[in-house]
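Notes for the structure review
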Amino acid sequence: MNKSDSEKVVITGIGVVSPIGIGKDAFWQGLKEGRNGIKPVTLFDTSTLNSKLAGEISDFKPEAILGDKGLRNLDRTTKLALCAAKLAMDDAVFRITEENTNDVGVVLGSTMGSVRSISEFDKSFIKGGLRAVNPALFPNTVINSPASEISIWFKIKGFNSTISSGFNSSLDALEYARNFLILRRAQAVLVGGVEELCEQTYKGCYKLGFLAGSVNGNKELCAPFDLRRNGAVLGEGSVMFLMEMHETAKRRKARAYGTVEGLGTSFDSTRTYQYNPRGTALKKAIKNALSRCNKSANEIDCIVSSANSTVIGDYSEAKIIASFYGDEKKPIVSAVKSMTGETFSAGGAFQVATGLFSINNQCVTPTINYKEHDARCPVNCVPNQSRPLSVSNVLVANSSPMGINSAVIVTNAGID
Amino acid sequence: MATERADLENEIRKLIAKIFEIEPEKITPSAHFVEDLGSDSMLALEIMAALEKKYDITIPEDQLVKMATLEQVTKLVGSLMKAKN
């Protein structure tokens, strides 16, 4: 076995709970159609705000996926992640048994997942004193609770970790899972990201001026790369993957959707909560990811961008991606967040799932709501409609206003 | 008096059934929470907190061991309510 074979990890299961569909097939159909998951928020009151939209999962019924029992005290974040984990394992036809449970791990990207639970817990104490507090809700207030609940729910006994690195959490989680597999410290890993939509996060982002429509006079819309864009629209959801070594997957005759190659990452220490218009760190991250899998930018068929309709974020990401191609070739760069909204810690996992869709369906996904061209974003963003494309290698680029920037390459290696 | 006690027992049965996520009928007066109904320490704490809130009482920590069946809980809550009034 050569080195690359011994390091080949594949995705054998995809579980998605998203604003454009629940389950991998519904999500993929949504991507293909360019379905809009952005709608007026119903989970909380937005009447005092100028922003009123989000990628809310209005029809989320966890009991339909997990059964009626045991959900009572779990928060929305945990239920989203549990559903995605169940769907991923079902999709992979993977069962936890007494024999394999010690070799299965869980790693989940989540950063703001417990904000609402902390806030609601505190509120009940402030309003009613200690007597009003339900001790069973306290576990929800810690950030590693959703990952732990996954292991508890499915009786998984291998490692359990939570990665909270903001926008890059899911991609960092994928790298973490890869390392466990390559070091042969796990046979299979449930890996992904989750973030729920809640009043606390929404209003926090609103006050920061991060949301579309949050600045007076701006129209609220989710239109990455479009000249009219003026901020992000939040989304929610969870994507979980079952990741295995290629040889393990082959042995159990599992279907592989593709390979996730090594992560490239770089920290931009210039600002706080602002995108760096120069995109220096993103450029390094992409270079790093390409060199880790010995590929050149020209071998990349399309790019799944983290563009989220923010003015500087989309501009710097488009500019950096374009810089890898020169003037003669306009790269194909689609923004899945135009359909789902900004799903924060889950965003990277959504992008990887989108890349796997493109590889398995030979189709590039659209950037919806695109109308007015912005010359400062020199990419082909696949406006509004998906289209057939021969896809073997996808670059997932993830820029962030919180410093960490990263990139991974998703390839068709391992698909038999 | 007996009716009052039966009413209280029924109320508590419903509250506990909700926490255990089982049918109220399964909680007979003498069914043991841990051995017969699969309870654990977290559920016990939740029951305690819910009872304190509902009946505006304080259950001393050392009484937790005496809360193993519906009969015992009803007796304890009844006496704490009586002491309060």
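Residues numbered from 1 in each chain as written. Chains lettered and ligands numbered in written order. Predicted model: local features only at pLDDT ≥ 70, side-chain atom pairs only at ≥ 80, totals over all residues.

1. A word on helix H8 (residues 199-207) of chain A
All names here are of chain A. Taken together, the buried positions of H8 are occupied by Thr-201, Tyr-202 and Cys-205. One face of H8 carries all of its buried residues, which in axial projection span an arc of 100°. Buried positions along H8 lie against strand E4 (53-54) and helix H5 (115-128). Downstream of H8 by a residue or two, Gly-209 has a phi angle that is positive, lying close to 80°. (Buried ≥ 20, exposed ≤ 12 C-beta atoms within 10 Å, placed from the backbone. Helix = DSSP H or I, 4+ residues; strand = E, 2+ residues; numbered from the N terminus. Arc of directions from axis to C-beta. Contact = placed C-beta atoms within 7 Å.)

2. Quick notes on the interface of chain A and chain B
The interface of chain A with chain B comprises eight residues on the first partner and seven residues on the second. Taken together, the residues that form the side of chain A that touches chain B break down as four nonpolar, one polar and three charged. (Nonpolar A, V, L, I, M, F, W, Y, C, P; charged D, E, K, R; others polar.)

3. Structural notes on the confidence of the model for chain B
Summarising the model, chain B shows a mean pLDDT of 92, and 99% of its residues fall at 70 or more. For this predicted complex, the interface score ipTM comes out at 0.80, alongside a pTM of 0.94. (pLDDT = per-residue confidence, 0-100.)

4. Comments concerning the packing of helix H1 (residues 2-20) of chain B against helix H3 (residues 70-84) of chain B
All names here are of chain B. Orientation of H1 relative to H3, taken along the N-to-C sense of each, is 120°, at an axis distance of 10 Å. Two packed elements cross with a definite hand, and for H1 against H3 that hand is right-handed. Along its contact with H1, which presents Arg-5, Leu-8, Glu-9, Ile-12, Arg-13 and Ile-16, the element H3 presents Leu-70, Val-73, Thr-74, Val-77 and Gly-78. When its residues are assigned to classes, the contact of H1 with H3 shows six nonpolar, two polar and three charged. (Axes fitted to C-alpha atoms, helices over the stretch in contact; angles between N-to-C directions. Left-handed = near helix turned anticlockwise from the far one by under 90°.)

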